[in-house]
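What follows is each chain in one-letter form.
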Amino acid sequence: MNIKDIISKALGSKNAAAGLIIVVLFGLVALFAPILAPSSGRDAYQMPQGGYSIEPQAPNAQHYFGTTENQYDLYYGIVWGSRMAFKVGITVVFFALLIGIIIGGAAGFAGGWTDEILMRLTDIIFAVPSMVLAMVIAAMLGRDLDNMMIALTVVSWPSYARLVRGGVLSVKEREFVLAARALGASPLRIFAKHIMPNAIYPVVIMASLDIGYIVLTAASLSFLGLGSPVGTADWGQLVALSRNWILGGHGNPFAYWYTIAVPGGALLLFVLAWNLLGDAFRDILDTSSRKA
Amino acid sequence: MFRYILRRLLMLPLVMLGVTFFLFFLTQRLSPEMRASLYIQDPRQMDSLEEVIEKYGLNDPMPVQYFRWLKGAVKGDLGYSESANMPVTSAIKAYLPATIQLAVAAIILVVLFGVWLGIISAKYKDGFTDNLIRFFVLAGFSLPIFVLGLILLMIFYGKLGWFAPGEYSFTADMIIHSPNFKTYTGFLLIDSLLNLNFYVFFDVLKHLVLPAVTLCIGSFALMVRVMRSSMLEELNKDYVRSARARGLSEFKVIYEHAGLNAMIPVVTLASIQFIRLLGGTVIVETVFDYPGIGRWGVECAQQLDIAGVMGFSLMVAVLFVLGNLAADILYTAIDPRIRLK
């Protein structure tokens, strides 16, 4: 099956189409963030603080979604948080995929000891649940956005490396590779021209669908206070800011419902959309589940 | 089969060596003062940090330091956890039972409801019920567990007051720490039964409800999907047709005949998911302030309690690797048609 067939077949399902629409909407919000929520400060990802009162404010004309603890505007946080989600998701997937392709490709093509050593390297990363390992790495590197993305990349590349290696191994024995070899093509040319293009595209599709999962892990880290710095427009952090208010106040247990519903809802929708898309593609590509 | 297990067991120390080396490498970014806790057993030693740094050569080249640490670690000397206020090994002993209790409760829920939903989903394949189940299961998979946990607390603690965070109530705490209450296993559910103290038993069980529900919600997706496809396969087999032909009730055909056979893959999946829940406990225990290994791990990470972080990751890694191996073995043991290479 080629890429066109796979994509058109996957998007034929209602669930996947719904997922795609939501992802595109988030993409538009992220793209037009500077217009939707103009920033005044130097760093637009830093949420402006409207005052110093800690009590959240309910949605009103000034703050469409209300404000959270310490007067961070939820609307601003959601809009720039979408941009942050794509930034984190795309960056991590890109670098994890790059490392995965290089290491997995080398392991599959070279075989022997190279293969053995590189695959044992992936075993080491797989030996700790990815959430736990990401947490530990992020903590030791220090609370910072780049460090969080490094931690996520470190825990993400091994699964891509294994998939690429598997792809290379199966393509390596195909007739067109034997033909190229018989024609006297150099190993490097065979690898770059014949094996890689055919081995990596399912992995590239799978990896890009992992953006939802990566954003979820990133949000978890931020929730624990190990991700983006204080005040960054980041959904996980916004949820963390609601923790002190879940018991409500003024005799109403749900008085501050928006502090959790708004950022939690955005995160849920974003992740769900990617999972709807991912499910459809996974059915077609039929790679066994590999998430820890 | 035997050789495969042997090979995996032989790989285990190598993998652990890799994990610890990697983590130790990361700790080198921190100052020697912060790393001193890796070597001490008694907090009073912290008063003379220079001595500790000198004695354990915390400014030596990294490999030298690593082997010195490894020598101690092999003997079970993992340092002193400042966030737990006790040696790392004691902290693990103190916190692990609560986490296992939580994970067992969660996996029971996953298997019971996952199997049931999977059977229904298969029975009404592609119908409304099937689609509804599949959508909700996927939504559960996409729901961030910290968001779900906070919402459940809002409703069941804030509004209804049914369940509270923590591992047990204040009254139960008094009983557990009274001299009459004997600790046998460290698992409060078991210990309370052995003490014939049903108040504590139900109190602990009640406190397990919300964390267990939160922890398991993301695991249904895979369980229902596997059960559904396994069930569909069984329903197409000849013995189901003959059971129907013999006039058995639909209930018997579905639950007793096809259902039981379709559960074979569920057993392996459950053992794998049980291990995977460990990653989730980190967040669930933090949200519910549940004193298990996960909450301790988060505290260690937040406070940069290096001895704690190392001990926690090491323990999780050992559990994770052994658990995955056990799942593999179970997989072949339960179904003789499968043979590992």
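Thresholds, definitions, all that
Residues numbered from 1 in each chain as written. Chains lettered and ligands numbered in written order. Predicted model: local features only at pLDDT ≥ 70, side-chain atom pairs only at ≥ 80, totals over all residues. Heavy atoms only, no water. Core = buried A, V, L, I, M, F, W, Y, C linked by side-chain atoms within 4.5 Å. Buried < 20%, exposed > 50% of the residue type's maximum accessible area, 1.4 Å probe, protein only. Helix = DSSP H or I, 4+ residues; strand = E, 2+ residues; numbered from the N terminus. Domains from an automatic or database assignment. Contact = heavy atoms within 4.5 Å. 1 Å grid on protein atoms, 1.4 Å probe; cavity = no way out; pocket = protein on both sides within 12 Å on 5 of 7 lines; lining within 4 Å. Points joined across faces, edges and corners; volume = space filled by probe spheres on them. Nonpolar A, V, L, I, M, F, W, Y, C, P; charged D, E, K, R; others polar. Buried area = accessible area lost by both parts, 1.4 Å probe. Salt bridge = Lys/Arg side-chain N within 4 Å of Asp/Glu carboxyl O. Polar contact = N/O pair within 3.5 Å; in protein donor to acceptor, adjacent residues only side chain to side chain. Axes fitted to C-alpha atoms, helices over the stretch in contact; angles between N-to-C directions.

Q: Break down the nonpolar core for me, with residues and values.
A: Trp69 and Trp296 of chain B are the most contacted members of the largest nonpolar core, which totals 207 residues. The element best represented in this core is helix H4 (residues 74-110) of chain A, accounting for 16 residues. The residues that make up this core include at least three from each of domain 1 (2-36 + 48-83) and domain 2 (87-334) of chain B. For Trp296 of chain B, the residues in contact, after removing those within four places along its chain, are Ser81, Ser83, Ala84, Val88, Ala91, Ile92, Tyr95, Gly308 and Phe312 of chain B.

Q: Account for empty space enclosed by the protein, naming residues and giving values.
A: Unoccupied space between atoms shows up once a probe the size of one water molecule is rolled over them. Residues and elements named next belong to chain A. Counted according to the given criterion, the structure contains two cavities of 30 Å³ or more. There is about 90 Å³ of room inside the second largest cavity. Around the second largest cavity, the lining residues are Gly81, Met84, Ala85, Val88, Met148, Val215, Ala218, Ala219, Asp234, Trp235 and Gly236. Of all elements in the fold, only H4, helix H10 (211-223) and helix H11 (235-241) reach the threshold of two or more residues within the lining of the second largest cavity. In terms of residue count, the dominant contributor to the lining of the second largest cavity is H4 (four residues). Counted by class, the lining of the second largest cavity contains eight nonpolar, two polar and one charged residues.

Q: Could you give me a rundown of the domain arrangement of chain B, with the residues and numbers involved?
A: Residue and element names in this part refer to chain B. Partitioning chain B into domains gives domain 1 (2-36 + 48-83) and domain 2 (87-334). For domain 1 versus domain 2, the separation of C-alpha centres amounts to 32 Å. Summing the contributions of domain 1 and of domain 2, the shared interface buries around 2,000 Å²; its carbon and sulfur component is 76%. Viewed at the interface, domain 2 and domain 1 are joined by zero salt bridges. Inspection of the region where domain 1 meets domain 2 yields five residue pairs in polar contact (both at pLDDT 80 or more). For the side of domain 1 that touches domain 2, the secondary structure elements donating two or more residues are helix H1 (2-27) and strand E1 (80-81). A per-element tally of the side of domain 1 that touches domain 2 places H1 first, with ten residues.

Q: Can you explain the packing of helix H6 (residues 128-142) of chain B against helix H11 (residues 220-235) of chain B? Please cite residues and give values.
A: A pair of packed helices is captured by two measures, namely the crossing angle of their axes and the spacing between those axes. Residue and element names in this part refer to chain B. The N-to-C vectors of H6 and H11 enclose an angle of 150°; their axes lie 8 Å apart at closest approach. Residues Asp130, Ile133, Arg134, Val137 and Phe141 of H6 touch H11, and the partners they reach there are Phe220, Ala221, Val224 and Arg228. Split by residue class, the contact of H6 with H11 holds six nonpolar, no polar and three charged.

Q: Outline unusual backbone geometry, listing residues and values.
A: Residue and element names in this part refer to chain B. With a phi close to 60°, Asn85 is a non-glycine residue in the positive phi region. Along the chain, Asn85 falls in the loop between E1 and strand E2 (86-87). Residue classification places Asn85 among the exposed positions, given a relative accessible area of 58%. Positioned with a positive phi, Leu304 is a non-glycine residue whose angle comes to about 50°. Here Leu304 is to be found in the loop between helix H15 (293-303) and helix H16 (306-334).

Q: Tell me about the pattern of salt bridges, and name the residues and values.
A: One pass over the full model with this rule turns up twelve salt bridges over all chains. Residue Arg228 of chain B pairs with Asp130 of chain B through a salt bridge whose shortest N-O separation is 2.9 Å. Taken as a pair, Arg228 of chain B in helix H11 and Asp130 of chain B in helix H6 lie far apart in primary sequence, 98 residues in all. In this structure, Arg228 of chain B and Asp130 of chain B share a single accessibility class: buried. Arg295 of chain B is the salt-bridge partner of Asp289 of chain B, the closest N and O atoms lying 2.6 Å from each other. Through salt bridges with shared partners, one network takes in Glu116, Arg120, Asp123 and Arg162 of chain A.

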